[in-house]
Amino acid sequence: MRLRRTFAPCPARSRGPSRLRRSGVAVAVVMALCFSAACDSAATRNVFRLGGTEPIDSMNPFVAVNSSSYSVFENIYPSLVQVDPALKTVPDFAGSWQMSPDGKTWTFHTKPGAKWSDGEPLTAADAAWTFETVIKHQEGPTGSLAGYVAYMESATAPDPNTLVLKYSRPVANVLAQMSGIQILPEHIWARYAVGNGKGLLTFTNPAPVVSGGPFTLVKYAQGRIALLKRNPRYYGPAPHIDGLGLQFFDTDDAMITALKSGRLDGVQSVAPTSVATLKAAGLIVASAAGAAFDDLIVNANPKQAADHRELVNPLVREAFDRAIDRNAIVKTALLGFGRPGASIIPPSTGHWSDPTIKPTPYDPAAANRFLDEAGYRMGPNKIRIANGHPMSYTVIMPASITNGYGARSFQIIQAGFKKIGVQLVPKHMDVSAANEALFAKKYQSFEAAMWGFSLTTDPDGMLSYLTCRSRYSLNDTGYCTKSWDGLYAKQATAMNPAVRQRIVYQMQQAAAREHLYLVLDYPDSIEAHSPSWTDLPMIEGGSFSATSKIPFQTVHRVG
Amino acid sequence: MSVQISKASPSAEVVGPHRSGFLRTALREHKAAVAGLAVIVFFVVLSVIGPYISPYSATAQTCAVYAPPSAQHWLGCDDGGIDMLSELIQGGRVSLLVGFAATLISMVIGGGFGILSGYFGGWVDTSLMRITDYLLVIPDLVLAMVIAEVWGASLLHVIMVIGILEWTSTARIIRAEAMSIRERVYIKRTRGLGAGNARIIGRHILPQVGPLLVANTVLTVAVAIYLETALAFLGLEDPGVTTWGTILNNAFQRTAISSGAWWAIVPDGFVIAAVIVGCFLLGQAIEDTLNPRLKVAHLSVRRWRLRPLIGRGEDAI
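This section reports on the structure supplied with the text. (Residues numbered from 1 in each chain as written. Chains lettered and ligands numbered in written order. Predicted model: local features only at pLDDT ≥ 70, side-chain atom pairs only at ≥ 80, totals over all residues. Heavy atoms only, no water.)

Let us look at the overall build of chain B. Looking only at helices and strands, one finds 13 helices and zero strands in chain B. Order of helices (α) and strands (β) in chain B, N terminus to C terminus: α-α-α-α-α-α-α-α-α-α-α-α-α. Sequence separation of at least 24 residues holds for 69% of the intrachain contacts in chain B that already meet a minimum separation of 6. On chain B, roughly 15,400 Å² of surface is accessible, and the fraction owed to carbon and sulfur atoms is 69%. (Helix = DSSP H or I, 4+ residues; strand = E, 2+ residues; numbered from the N terminus. Contact = heavy atoms within 4.5 Å. Areas by Shrake-Rupley, 256 points an atom, 1.4 Å probe, with all protein chains shown as cover.)

For chain A, the count of helices and strands is 19 helices and 22 strands. Taking 559 residues into account, the globule formula puts the C-alpha radius of gyration at 24 Å, and chain A, at 24 Å, falls close to it. Seen through its principal axes, chain A has C-alpha atoms that stretch 75 × 55 × 40 Å. Residue burial in chain A is summarised as follows: out of 559 residues, 62% are buried. Taking the intrachain contacts of chain A between residues at least 6 apart in sequence as the baseline, contacts between residues at least 24 apart amount to 71%. As displayed, chain A offers around 19,900 Å² of accessible surface, 56% of which is attributable to carbon and sulfur atoms. (Rg over C-alpha atoms; globule rule 2.2 N^0.38 Å. Buried < 20%, exposed > 50% of the residue type's maximum accessible area, 1.4 Å probe, protein only.)

On to the interface of chain B and chain A. Contacts between chain B and chain A engage 30 residues on the former and 32 residues on the latter. With both sides pooled, the region where chain B packs onto chain A buries about 2,400 Å², and carbon together with sulfur makes up 46% of that total. On the surface where chain B and chain A come into contact, there are two salt bridges. With its nearest N and O atoms 2.7 Å apart, the salt bridge here joins arginine 408 of chain A to aspartate 79 of chain B. Across the contact surface, chain B and chain A share 13 residue pairs in polar contact (both at pLDDT 80 or more). Looking at the side of chain B that touches chain A, the element that brings in the most residues is helix α12 (residues 244-253) of chain B, giving four residues. Across the side of chain B that touches chain A, the residue classes tally to twelve nonpolar, eleven polar and seven charged. (Buried area = accessible area lost by both parts, 1.4 Å probe. Salt bridge = Lys/Arg side-chain N within 4 Å of Asp/Glu carboxyl O. Polar contact = N/O pair within 3.5 Å; in protein donor to acceptor, adjacent residues only side chain to side chain. Nonpolar A, V, L, I, M, F, W, Y, C, P; charged D, E, K, R; others polar.)

A few words on the layout of surface pockets. Empty space within the second largest pocket amounts to approximately 1,100 Å³. Forming the walls of the second largest pocket are 40 residues, and the residues nearest its centre are Gln411, Gln414, Ala415 and Lys418 of chain A together with Gly240 of chain B. If you list the elements that add at least two residues to the lining of the second largest pocket, you get α11 (326-333), α14 (406-419) and β18 (423-429) of chain A together with α5 (84-120) and α12 of chain B. Element by element, the count of residues in the lining of the second largest pocket is highest for α14 of chain A, at eight residues. Classifying every residue of the lining of the second largest pocket gives 17 nonpolar, 16 polar and seven charged. (1 Å grid on protein atoms, 1.4 Å probe; cavity = no way out; pocket = protein on both sides within 12 Å on 5 of 7 lines; lining within 4 Å. Points joined across faces, edges and corners; volume = space filled by probe spheres on them.)

Our next topic: unusual backbone geometry. All names here are of chain A. Cis rather than trans, the peptide bond between alanine 207 and proline 208 has omega equal to -5°. By the secondary structure assignment, proline 208 is in the loop between α7 (199-202) and β8 (215-221). Positive phi, close to 45°, is recorded for serine 269, a residue that is not glycine. Position of serine 269 relative to the elements: it lies in the loop between β11 (266-267) and α9 (275-280). With a relative accessible area of 7%, serine 269 lands in the buried category. Phi at tyrosine 443 takes a positive value of approximately 65°, unusual for a residue other than glycine. Relative to the helices and strands, tyrosine 443 is located in helix α15 (residues 431-443).

Turning to the side chain of arginine 408 of chain A, a few remarks are in order. Following the sequence through the fold, arginine 408 of chain A ends up in helix α14. One polar contact links arginine 408 of chain A to aspartate 78 of chain B, side chain to side chain, over a distance of 2.6 Å. Excluding anything up to four places from it in sequence, arginine 408 of chain A contacts Ala333 of chain A together with Asp78, Asp79, Gly80, Ile82, Glu87, Asn250 and Arg254 of chain B.

Let us look at a nonpolar patch on the surface. Residue and element names in this part refer to chain B. The grouping of Val41, Val44, Val45, Val48, Ile49, Tyr52, Ile53 and Phe100 at the surface amounts to a nonpolar patch, some 730 Å² of accessible area in total. When residues of the nonpolar patch are assigned to their parent elements, the largest contribution, seven residues, is made by helix α4 (residues 31-53). Structurally, valine 41 is set in helix α4. (Patch = residues over 30% accessible without salt bridge, like charges linked within 9 Å, V, L, I, M, F, W, Y side chains within 5 Å.)

Residues and elements named next belong to chain A. One open sheet holds the four strands; their spatial order is β4-β5-β7-β6, and the pairing between them is antiparallel. Edge strands, defined here as strands with exactly one partner in the open sheet, are β4 (94-99) and β6 (152-159). Looking at each pair of strands side by side, their axes are set apart by 20° on average, direction ignored. Sheet analysis places β4 next to strand β5 (residues 105-110), joined by five bridges and oriented antiparallel. (Pairing = 2+ DSSP bridges. Axes fitted to C-alpha atoms, helices over the stretch in contact; angles between N-to-C directions.)

Here we come to the pattern of salt bridges. According to the stated counting rule, one finds 17 salt bridges over all chains in the structure shown. With a closest N to O distance of 2.8 Å, arginine 384 of chain A and aspartate 372 of chain A form a salt bridge. With a gap of twelve residues between them, arginine 384 of chain A in the loop between α12 (364-373) and β15 (385-386) and aspartate 372 of chain A in helix α12 connect regions that are remote in the sequence. Residue classification places arginine 384 of chain A among the buried positions, given a relative accessible area of 2%. Taking the relative accessible area as the measure of exposure, aspartate 372 of chain A reaches 34% and is therefore partly exposed. With its nearest N and O atoms 2.6 Å apart, the salt bridge here joins arginine 408 of chain A to aspartate 78 of chain B. One end of the pair, arginine 408 of chain A, is in helix α14; the other, aspartate 78 of chain B, is in the loop between α4 and α5, on a second chain. Judged on exposure class, the residue arginine 408 of chain A and its partner aspartate 78 of chain B are both buried. One continuous salt-bridge network, built from bridges that share partners, spans Arg408 of chain A together with Asp78, Asp79 and Arg254 of chain B.

Before going further, it helps to spend a moment on the packing of aromatic side chains. Residue and element names in this part refer to chain A. Within this structure, the stated rule accounts for 28 aromatic pairs over all chains. Ring geometry for tryptophan 189 against phenylalanine 203: centres 4.9 Å apart, planes inclined by 80°, an arrangement best described as edge-to-face. In this pair, tryptophan 189 sits in helix α6 (residues 186-189) while phenylalanine 203 sits in the loop between α7 and β8, placing the two residues 14 residues apart along the sequence. Given a relative accessible area of 13%, phenylalanine 203 falls into the buried group. (Phe/Tyr/Trp six-rings, centres within 6.5 Å; stacked < 30°, edge-to-face > 60°.)

Moving on: the environment of serine 287 of chain A. All names here are of chain A. Mapped onto the secondary structure, serine 287 falls in strand β12 (residues 284-289). Using a relative accessible area of 40% as the deciding quantity, one classes serine 287 as partly exposed. Sequence separation between serine 287 and aspartate 524 is 237 residues; the distance between their C-alpha atoms is 6.2 Å. The contacts of serine 287, once residues within four sequence positions are left out, are Phe337, Asp524, Ser525 and Ile526.

Residue and element names in this part refer to chain B. One can find alanine 102 in helix α5. Among the residues examined, alanine 102 registers a relative accessible area of 1% and is labelled buried. Along the backbone, alanine 102 and alanine 195 are 93 residues apart, and their C-alpha atoms lie at a distance of 34 Å. Setting aside chain neighbours within four positions, we find alanine 102 in contact with Leu97, Ile159, Ile162, Gly163 and Ala224.

Residue and element names in this part refer to chain B. The contact between helix α3 (residues 22-29) and helix α13 (residues 266-290) brings their axes to 9 Å, and the two run at 110°. Judged on the interaxial angle alone, α13 and α3 are roughly perpendicular. Where α3 abuts α13, its residues Phe22, Leu23, Thr25, Ala26 and Leu27 lie against Leu282, Ala285, Ile286, Thr289 and Leu290. Along the lines of polarity and charge, the residues of the contact of α3 with α13 split into eight nonpolar, two polar and no charged. (Parallel < 35°, antiparallel > 145°, perpendicular 65-115°, else oblique.)

As a further point, take α14 of chain A. All names here are of chain A. Taking 1.5 Å per residue, 14 residues should reach 20 Å; α14 reaches 20 Å between its end C-alpha atoms and fits that length. In terms of burial, α14 is largely enclosed, as eleven of its 14 residues are buried. Along α14, the residues classified as buried are Gly406, Ala407, Arg408, Ser409, Phe410, Gln411, Ile412, Ile413, Gln414, Gly416 and Phe417. Just past α14, the residue glycine 421 takes up positive phi, approximately 75°. (Expected span 1.5 Å × (residues − 1).)

Printed below as a string of structure tokens:
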């Protein structure tokens, strides 16, 4: 499954560049949380108020980037399948499914009699329309969702309760893909998909949103709040809660304080430094090994600018890898809520992660030896000279990394690099500017960046980020080789899980060998909620999930 | 004619002796200035001897994250498990260095612009003052943020950014002073005796505006330290360098407030405030001494009122 880059080690850690505006939020939320004209505690008592720091950036699935947006889509729109707390694929809108013997045709049997929140029938035709639209415009407006329909040739609905997906070749992760893409109401969206489909990008999808999932979105203020109300026409088991209120904060401090003072029922992505405070305040803190990693990216483009071309040298990359004190990062930056990073596929994905790839040990002496071997002598100011220029590199630091523990991690890395005669100079940018800086001049100009990926259990997404095809969208290193792309295609179509696992291991080893990503750590996902709520499982790193509706169907008040 | 001229000169002579001991006068007349100077001297001395008295490393982890103040760590520990006291001492070194270095740059630019502009007048004045005006109207912090972002985060860049931004008011004040000195009779006599511009500026203008420049320097140090702190707090400084601003930024990024770790914020805020107030008290006292018109009479109720933004006395707004 391809996943959008969430720009943050954990979902909802990115916070946007501004810290200067803080007021006027609480009032808006109190007003927004009142469903009825009369706002009393009885009306809001059964509403779960969830806080986050990464705001919803758009209600349009073709435009949205932030993971919180996708979590909203999952909770208001149907998906064919979803992921349960044991990471198994379970029914959602599709009650059952079959794969043809050749692996190229998938038939999904959708729930009969389903309706959208406006009363229009919700059928397999809506799903067929959604997938066909994404396929049709995948080179243009629907490009951000194209990964979910990779190799899909057609989506048809022979009858209202049957969806047939035809693929040009067997695809190994169809179910994982189908848990990540949501079905849109054709009767609302069809008018925007005319012509070249550009209209799909301009539709803001304003509240109230015609929804098919357990909730409908009734109110939305960009960057601030979203209010989801239980959808009485939902085809599945009704949630116990009447609604879900989302509030986004500019700072962790404000969010944690709101939770402690009872103005929130739960928060996503708790900073490690807050865990002790929250536990002391009697809140329930849950942490799980997240499918995420933080990384230091070093330009891997062989054609990069001459003044830092030594970065392609494997010796240099290995030296860099050994200059990173991962244990210190886990201890100081993550306060133990995480593990030292190794493979690009996190261990939390279970059998997809190659256990033979171990974290590179911190060994500045060896790193110095490698750089000596490469012929980069120590120059004045204790900075090495490579091909006539000092080994001083600008590290792009997106706001999502520096807000939180990222700055501490960087300090540790910077100190390690200093010991090997390499200077790192941070350059702060907002997230989109950081992306553009990486892609600038065809990956020739950037030197390094600190970033993170938030992944799902299926490894396809992470592996796809290193393909040539992902360049200028999610490929952040500039890496592009025929052999990687060949292996990627092979694993994508390997229907035998054991065979696919072998290829996936092979790819991880290749990435580790070439030090494509200097994986720093696998941060735990940490959430907290008030003890008056229960049954809120974390799935793939969070309860407010982009692949499962289950957590907010099961959550309920204690007693 | 010559009699009249000599009658006009006492004003310059009155200023002369008054100015030569301006620091002593300021300290004698303003008790607050003594306190201000004491604060500045204390922190400068602390910065100089800092490495010898610092109890722990200011970069390495020596205690638990957000460990509260204890006998071993008087001011507790920050989010990286670093001793706060050591970090404050080290941070002060860098913050003061940034403050003084940036001020030096801004004094050179501001003094130079002011003297050239005031002394030469005409098109030199017009062009230099237009540049000054442009920089004067742009909000400092916003421009500093932009420049710091574009150049990249490093200590040198922060010093340069602040230095480049903080000279404008100095230039204005020095220009006014230079303009008035230029018209004085002894300058005209000097020129009549054949002195060139360089000599007049070097021997006569510069010593005259010197005290005013010092007063401005002290005031600008406060602004520079404040701006440095603000930039670092906004994350625009190299996180590998410890300054009072990055200490605040780290605490803010890592939920010190909601974690109840007041020791990661309060002492740091206190020292920043102390230095800024110290510079302000001293700078104001020197300015008051040099410019008797700023002085407030003993019966005046204006003593604790804010200074007017533009103009003095009746025409103040």
